[in-house]
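Here are the chains, one letter per residue:
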Amino acid sequence: MVTVAFALYLSLLPFRLQAVPLDAAWDDFLLAMSSWPQRVPRVNFLANVLLFVPVGFGLCGALRADREPRLTLRALLVVLCASVAASLAAEFLQEFAPRRVVSASDVLAQTTGCWVGIAAWLGVGPELIHWIRETRRRTHHDRVTRALVAYAAIWAFANLAPFDITLNVDRLANRWRDGEIVLIPFASNLPLARLWWDAVVTAVSAVPLGALLLVGWQPRDQRRSLAAVMGLGVTALVALEIAQIFIRSHGSDMTDVVCGAVGVALGVLVGVRTFDRRLDAPAGDTFARWAWIGLGAWCLMLGSYHWQPFDFVVDESLVRQKLARISLIPLAGYGSGSDLNAFNTLLAKIGLAIPFGGITSFALGGLAGRLIPFALVWVGLSAAVFGAIELGQFFLPSRVPDPSDVWLGIAGSGLGIWLVRWLRSGYKAPRPL
């Protein structure tokens, strides 16, 4: 039901509702449902499909988890009826939202998304639940490698989302002419600062992949050779860039393969030095100092991402305009642009906050046994950092401050703290005989 509620919430953003006579709203709703729009924006259709994939998957899980994996006809009808009911309810409520368009194509797209979610449950649902439960019972080696597997899946998803695939030859040719497909490394027409920024981000994001390829799907205490890791890593990076040729929201650049390969190599180095060491070893002053240095470095990373291109200006009228557009409704600012772009931005904001929380967990190691002081310092530190980032965006003409990003930052950092603690607790679990 959480997925259904979340879908309804996103459908009504930014909640600028107005009173409409009920009979007029109903008549307009029936007219919209009985006709097909002349033009269906592909991006909007795909966004509605993605919105209801978790609905189909979640409803199947609620009905069939811990039961027979096979989806019965009765359960299938319940899931579809609940999905269609939620979709129709969302479309009718949009009659009271002036900025929303009621359309039968949205219902079709959302129902398609539900079917995709059902198919995903039939394919991997029971296995995923079993994998998660087994992960919670494993020892440290399995926890780390399984966390890396989850990261690899999220990494691939984020690099391919929002899956706006195009096979149109003319469009692909235009992408080539516009410089969105680059076969020569570092030959992109992007500004030098942006090119270096993308290179750093690509390398950093590939580090966990190198660690995974070093130990993943290997017998305990065995490692792949550097040549094998680099071969697998480069193959995965090239495959990703080939796939991105057909993703309209992403560019394909061989620079990413080169920088990703550097990240994979760094991941091997980190993995060799990290695996089989105890994460629950006491954190001395030196370790804590390095953690704070790492936290400061990641704050610089966050500032670089959120403040590009650093064209700061002090303009009172600009600040007033941005203040007038701010909404305290969570995620309201994400409804002003493309739904797919908003989805990508949401993933990026949470993804950048997770390492912040993970490093914070080590930096505040002295408070680890004191829950309330730890939580207060963590929330205060996260709110200060992400609040300062949003405050700086008031003075950047090309940036839009949004209070939702502060909440996303706190939530993402909390996820990072939980992840580190979960990994560390695995070291304290007894090894199976």
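Residues numbered from 1 in each chain as written. Predicted model: local features only at pLDDT ≥ 70, side-chain atom pairs only at ≥ 80, totals over all residues. Heavy atoms only, no water.

**A short note on a nonpolar patch on the surface**
Move 1: Taken together, the side chains of Ile 165, Leu 167, Ile 242 and Phe 246 define a hydrophobic patch exposed on the protein surface, amounting to about 380 Å² of accessible area.
Move 2: Mapped onto the fold, Phe 246 is located in the loop between α9 (226–244) and β2 (252–253).
Move 3: Classification of Phe 246 by relative accessible area gives partly exposed; the value is 31%. (Patch = residues over 30% accessible without salt bridge, like charges linked within 9 Å, V, L, I, M, F, W, Y side chains within 5 Å. Areas by Shrake-Rupley, 256 points an atom, 1.4 Å probe, with all protein chains shown as cover. Salt bridge = Lys/Arg side-chain N within 4 Å of Asp/Glu carboxyl O. Helix = DSSP H or I, 4+ residues; strand = E, 2+ residues; numbered from the N terminus. Buried < 20%, exposed > 50% of the residue type's maximum accessible area, 1.4 Å probe, protein only.)

**Here's the deal with the packing of aromatic side chains**
Move 1: Under the counting rule described, the total for this entry stands at eight aromatic pairs.
Move 2: With 5.6 Å between their ring centres and 75 degrees between their planes, Phe 57 and Trp 121 make a pair best called edge-to-face. Residue Phe 57 is found in helix α3 (residues 42–64), and its partner Trp 121 is found in helix α5 (residues 104–137); the two are separated by 64 residues along the sequence.
Move 3: Taking relative accessible area as the criterion, Trp 121 reaches 2% and is therefore assigned buried.
Move 4: Both rings, one in Phe 92 and one in Phe 96, keep their centres 5.7 Å apart while their planes meet at 85 degrees; by these two values the pair is edge-to-face. An identical accessibility class is assigned to Phe 92 and Phe 96; each is buried.
Move 5: Aromatic ring contacts, followed pair by pair, group Trp 26, Phe 29, Phe 92 and Phe 96 into a single cluster. (Phe/Tyr/Trp six-rings, centres within 6.5 Å; stacked < 30°, edge-to-face > 60°.)

**Side note on empty space enclosed by the protein**
Move 1: As enumerated under the stated definition, the model contains three cavities of 30 Å³ or more in all.
Move 2: In this model, the largest cavity occupies a volume close to 40 Å³.
Move 3: Residue lining of the largest cavity: His 306, Lys 349, Ala 353, Phe 386, Glu 390, Asp 405, Leu 408 and Gly 409, and that is the complete set.
Move 4: Only α13 (339–363), α14 (371–392) and α15 (403–428) provide two or more residues apiece to the lining of the largest cavity. (1 Å grid on protein atoms, 1.4 Å probe; cavity = no way out; pocket = protein on both sides within 12 Å on 5 of 7 lines; lining within 4 Å. Points joined across faces, edges and corners; volume = space filled by probe spheres on them.)

**A look at the side chain of Ser 87**
Move 1: On the secondary structure map, Ser 87 appears in helix α4 (residues 73–93).
Move 2: A residue is classified by how much of its surface remains accessible, and Ser 87, at 0% relative accessible area, is buried.
Move 3: Excluding its chain neighbours within four sequence positions, the residues that come into contact with Ser 87 are Phe 52, Asp 106, Val 107 and Gln 110. (Contact = heavy atoms within 4.5 Å.)

**As for the packing of helix α8 (residues 192–215) against α9**
When two helices pack together, their arrangement is given by the angle between the helix axes and the distance between those axes.
Move 1: Between α8 and α9, the least distance of the axes is 9 Å, while the angle of their chain directions is 130 degrees. Considering the angle they form, α8 stands oblique to α9. As α8 runs across α9, the sense of the crossing is right-handed. Along the contact surface, α8 presents Gly 210, Leu 213 and Leu 214, while α9 presents Val 229, Leu 232 and Gly 233.
Move 2: In the contact of α8 with α9, the residues fall into four nonpolar, two polar and no charged. (Axes fitted to C-alpha atoms, helices over the stretch in contact; angles between N-to-C directions. Parallel < 35°, antiparallel > 145°, perpendicular 65-115°, else oblique. Left-handed = near helix turned anticlockwise from the far one by under 90°. Nonpolar A, V, L, I, M, F, W, Y, C, P; charged D, E, K, R; others polar.)

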